[in-house]
Amino acid sequence: MTSIQSVLQETRIFPPPAEVVARATVSGMAAYEALCREAEADYEGFWARLAREHLSWKRPFDEVLDESRVPFYKWFADGDLNVSYNCLDRNVEAGLGEKTAIIFEADDGKVTKVTYRELLARTIAFANALKSQGIAKGDRVVIYMPMSIEGVVAMQACARIGAIHSVVFGGFSAKSLQERIQDAGAVAVITADEQCRGGKTMPLKPAVDEGIAMGGCESIRCVIVYRRTGGPCRMLAGRDLWWHELIANQPETCEPEWVEAEHPLFLLYTSGSTGKPKGVQHSSAGYLLHAVITMKWVFDIRPEDVFWCTADIGWVTGHTYIAYGPLACGATEIIFEGIPTWPDAGRFWKLIQDHKVSIFYTAPTAIRSLIKAGPELPRQYDLSSLRILGSVGEPINPEAWMWYYTEVGGSRCPVLDTFWQTETGGHMIAPLPGATPLVPGSCTLPLPGIQAAVVDENGNELPWGEGGSLVVKKPWPGMLRTIWGDPERFVKSYYPIEFGGRLYLAGDGAVRDAKTGYFTIMGRIDDVLNVSGHRMGTMEIESALVANPLVAEAAVVGRPDDLTGEAICAFVVLKGERPQGAAAEQMATQLREWVGKEIGPIAKPRDIRFGDNLPKTRSGKIMRRLLRQLARGEDVAQDVSTLENPAILEQLKAGV
Ligand code: WT7
């Protein structure tokens, strides 16, 4: 039984526990419905109220939503603020200076804590360091850092001076880094000498050198290197600077750069349905509001909480729920450098016990791998500090949901399946812990003010119970503003004319429960795969494969996988003869390494099959539907009438 089917047959319902309801920010379903009604009655007034209550403005706004250039919406456009002021200074001013902001646990278990006052001081020092290099408002800065306090300081320092950061996940290759530097026109890269994960150290800085050396990075003026391990690190005179040298003797104050609400806070590259990743551009005020409001509504964050989001700062989850949301709420949060399975699969549970984590937010793929590695392990730790559990990145199958709920949460803690995307800025469809009855496998209902719907291919809303395309009917403050340097692609990807140009197209399939209206996400309906919660464009992997001089043609599809959600399967036609047996295995290994170098290890295909050709229609179109069936090991005998070359199927059936 597939996961979707088991969701659709799900009958277990978990009402919110009375203790949670009693203390929640949004307490009871009536309170949730009242917020939804407020948003429906006066959409702009609703968001304006929240923006006034939850953000600190240098210059208050009067304009709320500007729809004069649809779909390039603007929110709170005549207001000024600074995001780092909202995350740091205002907490210190409110008396939280001595409160722990970040508890950092290194790979080797060493713990470092910083208070809000210290985090502000470090951010100021580094902001001044950036300024000393001539970096100013609007400049793009690429951050290629391991999980660290410094990674967050780098992001906050950019926000403080109005520079636009673009964090590149440390697992991406030199080539991917180079493409992002070039597309963003970045003036600086902030990196570290090495990173530590799972008891090993791996160099990081050489990828920066290699990436820049590939060319097209002439905009780069300096590379700032944080010394994480002190391992060997080549520094280029005149370009490379040590973080610790640069922050020494910086002034102790740095007036925040007060920016317009719409000033870009960051770019984050993500995969789409074409070969080139898109630079999703987020705003300052609207984005921050979405981060803050979801911390309060969904995570029900309170002063005494210890919040832990296990994502990497290289992904949007690490932006909204590590670098910005928790800090803007004055919370104490964990940053963890290591991996869940080292020194053993109890690492997460030990961390929760040691730091008394109360809100824990992770990905289904991590949960599934920990179930596999030790279903009994959580019982060996004291997890009684936990109050709320969250899941993000991909559908969570009901079986994993139940294990998370019972074994990790002791059947006390609501499990919040949060649906959102890089583009949405924060949660979109998610339960509220003190209001929403939970159903395993469903992300339940849209947040107040988020007008999500399921539509057919013409953009018409479908009745509950019928599957279709997930859209959002109104703009919301946290949404992306454009694709960096490519406004046309923004319009085409998210506001396609087929849908009337006014519906935000998520790119996911969804269905609403016929009785409750609860949403279940059925996965991407474009050529994007979700591997361990990471978005991978099939076209991107295909381009990487055909860039190899031995490859003539390649097609990439996904197949379901118990652990990673989806697995990448590549069908490859070589320029030379089709390899068989050991030669095919060798070639597959070589191509996997190649893709790892072109994009990053997360993009390496699990299966690679070789053919003399690919299944094509008479007009030469690759029949991906058949490839998907082949990848799953399904019988493809039927419905091949439009196939030009049926014999090719037999060849491709045989895997490596
Ligand atoms: C895609 C967005 C949101 C931060 C991490 C991923 C899938 C995300 C869920 C969920 C089912 C989910 C969707 C979406 N997705 N959360 N709770 N249930 N699917 O961000 O890399 O931008 O990927 O992840 O397919 O479109 P992203």
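Remember, it's a predicted structure, so these values are computed and weren't measured experimentally.

Participant: I would appreciate a short explanation of the packing of aromatic side chains in the present structure.
Facilitator: Between two aromatic rings, the relevant description is the distance of the centres plus the angle of the planes. Inspection of every chain in the model, using the stated rule, returns 41 aromatic pairs. The rings of Y43, F46, W47, W57, F61, W75, F76 and W297 are connected pair by pair, giving a single aromatic cluster. In this structure, R227 is placed above the aromatic ring of W242, and the distance from its NZ or CZ to the ring centre is 4.4 Å. Its end group placed over the ring of Y43, K474 keeps NZ or CZ at 4.6 Å from the ring centre.

Participant: Would you mind going over the pattern of salt bridges with me for this structure?
Facilitator: Once the charged atoms of two side chains with opposite charge are near each other, the side chains can pair. As enumerated under the stated definition, the model contains 41 salt bridges in all. A salt bridge links E67 to R502; the nearest nitrogen and oxygen atoms lie 3.9 Å apart. Here E67, found in the loop between β1 (65–66) and β2 (74–75), pairs with R502, found in the loop between α16 (487–494) and β24 (504–512); they are 435 residues apart in sequence, far enough to count as distant. With relative accessibility at 37%, the residue E67 sits in the partly exposed group. As a salt-bridge pair, E179 and K175 come within 3.7 Å of each other at their nearest N and O atoms.

Participant: Can you help me understand the packing of helix α14 (residues 364–373) against helix α15 (residues 398–408) in this one?
Facilitator: Two quantities define a packed helix pair, namely the angle between the axes and the distance from one axis to the other. Two elements in contact, α14 and α15, have axes whose closest approach is 10 Å; the angle formed by their N-to-C orientations is 75 degrees. One element, α14, and the other, α15, form an angle in the roughly perpendicular class. Mapping the contact onto sequence places I367, R368 and I371 in α14 and A400, W403 and Y404 in α15. Class assignment for the residues of the contact of α14 with α15 results in five nonpolar, no polar and one charged.

Participant: Can you walk me through the pairing of strand β25 (residues 519–524) in this structure?
Facilitator: Along any regular strand the residues' side chains alternate between the sheet's two faces. Direction of pairing for β24 relative to β25: antiparallel, over a ladder of five bridges. Looking at the pairing, R512 lines up with F519 of β25. Between the end of β24 and the start of β25, which pair antiparallel, lie six residues, with G517 showing a positive phi angle near 75 degrees.

Participant: Would you mind showing me how to read the nonpolar core here?
Facilitator: Soluble globular proteins: nonpolar side chains tend toward being buried together. With 171 residues, the main nonpolar core has W47, F76, F126, W297, Y324 and V572 as its most contacted residues. With nine residues, helix α7 (residues 149–161) is the largest single contributor of residues to this core. Ignoring any residue separated from it by four or fewer positions in sequence, one finds W47 in contact with W75, F76, L289, P448, G449, I450, W476 and P477. Core analysis: the next-biggest nonpolar cluster, separate from the first, contains 32 residues, A345, A400, V415 and L438 among them.

Participant: Mind showing me how you'd approach the UniProt feature "binding site: CoA" (unreviewed entry) in the protein chain here?
Facilitator: The positions UniProt marks with the feature "binding site: CoA" (unreviewed entry) are R197, G198, G199, K200, T317 and S532. An extended arrangement is adopted by the annotated residues: their sequence extent is 336 residues, and the largest C-alpha distance between any two is 24.9 Å. The residue K200 is located in strand β10 (residues 200–203) in this model. Look at K200 and you get exposed, because its relative accessible area is 57%. With near-sequence residues (within four places) excluded, K200 lies in contact with D107 and Q195. By the element assignment, S532 lies in the loop between β26 (528–531) and β27 (534–537). For S532, the residues in contact, after removing those within four places along its chain, are T365, E394 and T564.

Participant: Explain the UniProt feature "binding site: Mg(2+)" (unreviewed entry) in the protein chain to me, please; I cannot follow it from the model alone.
Facilitator: The residues that UniProt annotates with the feature "binding site: Mg(2+)" (unreviewed entry) are V546 and V551. Looking at where V546 falls in the secondary structure, it is placed in helix α17 (residues 538–546). Aside from chain neighbours lying at most four places away, what touches V546 is V551, A552, E553 and A554. Looking at the secondary structure, you find V551 in strand β28 (residues 551–561). With a relative accessible area of 2%, V551 lands in the buried category. If we skip the residues at most four places from it in the chain, V551 touches L545, V546, V572, V573, L574, K575 and L591.

Participant: Just checking my understanding: could you explain the site of the ligand for this structure?
Facilitator: Neighbouring the ligand are 17 residues; D417, T418, T422, D508 and R524 lie closest to it. Within the contact set of the ligand, a nitrogen atom lies 3.5 Å away from a backbone nitrogen or oxygen of E394. R535 is positioned with one of its side-chain polar atoms (N or O) 2.9 Å from an oxygen atom of the ligand. Looking at the shell around the ligand, the elements with two or more residues in it are α12 (316–328), β20 (415–418) and β25. Looking at side-chain class alone, the shell around the ligand contains six nonpolar, six polar and five charged residues.

Participant: I tried to follow the packing of helix α6 (residues 116–132) against α7 on my own but got confused; where do I start?
Facilitator: Running from N to C, α6 and α7 point in directions that differ by 60 degrees, and their axes come no closer than 8 Å. Looking at the two axes, α6 sits oblique to α7. The interaxial crossing formed by α6 with α7 has right-handed handedness. Mapping the contact onto sequence places L119, L120, R122, T123, I124, F126, A127, L130 and K131 in α6 and I149, E150, V153, A154, Q156, A157, C158, R160 and I161 in α7. When the residues that make up the contact of α6 with α7 are grouped by side-chain class, the tally is 12 nonpolar, two polar and four charged.

Participant: Looking at this structure, how should I read helix α3 (residues 29–41)?
Facilitator: Note: α-helices contain 3.6 residues per turn, so residues at a spacing of three or four share the same orientation. Taking 1.5 Å as the rise per residue, α3 with 13 residues should run 18 Å; its terminal C-alpha atoms sit 18 Å apart, in good agreement. Residues of α3 that are buried sit in contact with α4 (43–54) and α11 (285–297).

Participant: I tried to follow the sheet that holds strand β5 (residues 111–115) on my own but got confused; where do I start?
Facilitator: Whenever strands of a sheet pair, they do so through backbone hydrogen bonds, lying parallel or antiparallel. Overall, mixed pairing links the seven strands, which are arranged β5-β4-β17-β16-β18-β19-β20 in an open sheet. Each of the sheet's edge strands pairs with one partner strand only, and the pair in question is β5 and β20. The average undirected angle you get between the axes of adjacent strands in this sheet is 20 degrees. The pairing of strand β16 (residues 306–309) with strand β17 (residues 332–336) spans three bridges and is parallel. What sits directly across from V306, in β17, is T332. The sheet strands contacting α6 are β4 (100–105) and β5, and the helix crosses β5 at an angle near 85 degrees. In this fold α15 packs onto β18 (359–362), β19 (388–392) and β20, with an angle of close to 155 degrees to the strand it touches most, β19.

Participant: Sorry, what's going on with unusual backbone geometry here?
Facilitator: Only a minority of non-glycine residues have a phi that is not negative, and only a minority of peptide bonds are not trans. In this chain, V70 is followed by P71 through a cis amide linkage whose omega measures 0 degrees. Turning to its location among the elements, P71 is positioned in the loop between β1 and β2. In this structure, the amide linkage connecting W342 to the following residue, P343, adopts the cis form with an omega of -5 degrees. Looking at the secondary structure, you find P343 in the loop between β17 and α13 (347–355). Residue F76 is not a glycine yet carries a positive backbone phi of 55 degrees. Its place among the elements puts F76 in the loop between β2 and β3 (80–81).

Cut-offs applied
Residues numbered from 1 in each chain as written. Predicted model: local features only at pLDDT ≥ 70, side-chain atom pairs only at ≥ 80, totals over all residues. Heavy atoms only, no water. Phe/Tyr/Trp six-rings, centres within 6.5 Å; stacked < 30°, edge-to-face > 60°. Lys NZ or Arg CZ within 6 Å of the ring centre and 35° of its normal. Salt bridge = Lys/Arg side-chain N within 4 Å of Asp/Glu carboxyl O. Helix = DSSP H or I, 4+ residues; strand = E, 2+ residues; numbered from the N terminus. Buried < 20%, exposed > 50% of the residue type's maximum accessible area, 1.4 Å probe, protein only. Axes fitted to C-alpha atoms, helices over the stretch in contact; angles between N-to-C directions. Parallel < 35°, antiparallel > 145°, perpendicular 65-115°, else oblique. Contact = heavy atoms within 4.5 Å. Nonpolar A, V, L, I, M, F, W, Y, C, P; charged D, E, K, R; others polar. Pairing = 2+ DSSP bridges. Core = buried A, V, L, I, M, F, W, Y, C linked by side-chain atoms within 4.5 Å. UniProt positions renumbered as here; feature names shortened; annotations may be inferred. Near = heavy atom within 4 Å. Polar contact = N/O pair within 3.5 Å; in protein donor to acceptor, adjacent residues only side chain to side chain. Left-handed = near helix turned anticlockwise from the far one by under 90°. Expected span 1.5 Å × (residues − 1).

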